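# Examination of the molecular architecture
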Amino acid sequence: MSDRPATTNIQPDLLAKALTRGGHGGWLGMQYHAHGDGWVELALPWKQELVGMEESGILASGPIISLMDNCTSMSVWTKRDAFVPQVTLDLRIDYTRAATPGSTVIGRGECYKLTRSMSFVRGIAYEDDPDDPLAHAAGVFMMIGND
Amino acid sequence: MAEEQVNIARRLPPYARGLGIEVERLEGHAPVLAMDFSERVQGRPGYLHGGALSGLLEMAAIAALQCELEADGGLRRIKPVNVTIEFMRGGTEQRTFALGRVTRAGRRIANVQVEAWQDDRDKPIATAFLNIALRD
């Protein structure tokens, strides 16, 4: 086979559905939003149970970390075009502004570099405007069980 | 449960209660927070989700800082600026603990280190470092 499209083995929309059916992603209510070459977007709708400051209704930052962990890890599979077991080595989140109470947050994860076992990622979390992110993320994933 | 411990539990936000986070005990001023394994915190089958673990770390960091500020003359408004998490071991299907340590609380910024472990305290499963902005 030649001239295959960038991803053929991985369908991020179906993968996201499978990964958010139960478990932590399911409890958070994470959903597939969009994807492209080496990037994936997941959506996190606002809900009371995820609030970090009761008075303000602002989402806790923990759900934003989970959102960025999931969308960046999916961006790796999309870039590798394979569902490989991997672990998060580290993840850094910069909170550039507070989330807007009641708004759905979109996490956009991008894998910008692959080596044999490491995958380097970055991402943003935003609401309506990708040029006004509420958080930036950077991290590294390591493939496991594949030496 | 000591009164101080009840106050710390009362301060935990809806998100922490949703994850099932509890105040296990106090060590000095800072609380050891604990979170049982459940479907809600599971990532890949049989393992703790890195995000749920990060949530526990962040709650322990904030709780440690609040206790330190309280002991030091009163609560202030706090706002995480950033967090860096390092994952050392996969968390398995058991109770997870976390304890924060305030390395410095200045006028505008606090630096907090926090560690999470499961059955063996000498084998942390993750650590995190937070910069937290302080406001009156």
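Note that this is a predicted model, so its numbers are computed, not measured.

## Comments concerning the overall build of chain B
What chain B contains, in helices and strands, is 3 helices and 6 strands. Reading the secondary structure of chain B in the N-to-C direction produces α-α-β-β-α-β-β-β-β. Taken over C-alpha atoms, the radius of gyration comes to 14 Å for chain B, in line with the 14 Å a tight globule of 136 residues would show. Referenced to the eigenvectors of the C-alpha coordinate spread, the extents of chain B come out at roughly 45 × 30 × 30 Å.

## Examining the UniProt feature "domain: Thioesterase" (unreviewed entry) in chain B
In the numbering adopted here, UniProt assigns the feature "domain: Thioesterase" (unreviewed entry) to residues 46-123 of chain B. End C-alpha to end C-alpha, residues 46-123 of chain B measures 19 Å, and it is 28% helix and 38% strand.

## Let's talk about a negative patch on the surface
All names here are of chain B. A cluster of acidic residues, E115, D119, D120 and D122, forms a negative patch on the protein surface. Tracing the backbone through its elements, the reader meets D120 in the loop between β5 (109-117) and β6 (126-135). We classify D120 as partly exposed; its relative accessible area is 30%.

## Some points on the interface of chain A and chain B
In this assembly, 28 residues from chain A lie in contact with 26 residues from chain B. Between chain A and chain B, the buried area comes to about 2200 Å², and carbon and sulfur atoms account for 54% of it. If you sort the residues of chain A by the area they bury against chain B, H24, W27 and Y95 of chain A come out on top, with a joint share of 24%. Our count for the chain A to chain B interface comes out at 1 salt bridge. As a salt-bridge pair, E49 of chain A and R40 of chain B come within 3.2 Å of each other at their nearest N and O atoms.

## Digging into the nonpolar core
Considering soluble globular proteins, one finds that nonpolar side chains tend to be buried as a cluster. The biggest cluster of nonpolar side chains holds 77 residues, and the ones touching the most others in it are I93 of chain A together with I21, L33 and L65 of chain B. The leading source of residues in this core is helix α3 (residues 50-71) of chain B, at 13 residues. What I93 of chain A contacts, discounting residues up to four positions off in sequence, is I65, M68, A135, H136 and A137 of chain A together with V81, N82 and V83 of chain B.

## Let's talk about the pairing of strand β3 (residues 77-87) of chain B
Sheet analysis places strand β5 (residues 86-95) of chain A next to β3 of chain B, joined by 5 bridges and oriented antiparallel. Bridged to I93 of chain A within β3 of chain B is V83 of chain B. As paired strands, β3 of chain B and β6 of chain B are joined by 10 bridges and run antiparallel to one another. Bridging from a neighbouring strand, V83 of chain B pairs with L130 of chain B of β6 of chain B.

Reading the values: rules and limits
- Residues numbered from 1 in each chain as written.
- Chains lettered and ligands numbered in written order.
- Predicted model: local features only at pLDDT ≥ 70, side-chain atom pairs only at ≥ 80, totals over all residues.
- Heavy atoms only, no water.
- Helix = DSSP H or I, 4+ residues; strand = E, 2+ residues; numbered from the N terminus.
- Rg over C-alpha atoms; globule rule 2.2 N^0.38 Å.
- UniProt positions renumbered as here; feature names shortened; annotations may be inferred.
- Patch = residues over 30% accessible without salt bridge, like charges linked within 9 Å, V, L, I, M, F, W, Y side chains within 5 Å.
- Areas by Shrake-Rupley, 256 points an atom, 1.4 Å probe, with all protein chains shown as cover.
- Salt bridge = Lys/Arg side-chain N within 4 Å of Asp/Glu carboxyl O.
- Lys, Arg positive; Asp, Glu negative; His and termini not counted.
- Charge placed at Lys NZ, Arg CZ, Asp CG, Glu CD.
- Buried < 20%, exposed > 50% of the residue type's maximum accessible area, 1.4 Å probe, protein only.
- Contact = heavy atoms within 4.5 Å.
- Buried area = accessible area lost by both parts, 1.4 Å probe.
- Core = buried A, V, L, I, M, F, W, Y, C linked by side-chain atoms within 4.5 Å.
- Pairing = 2+ DSSP bridges.

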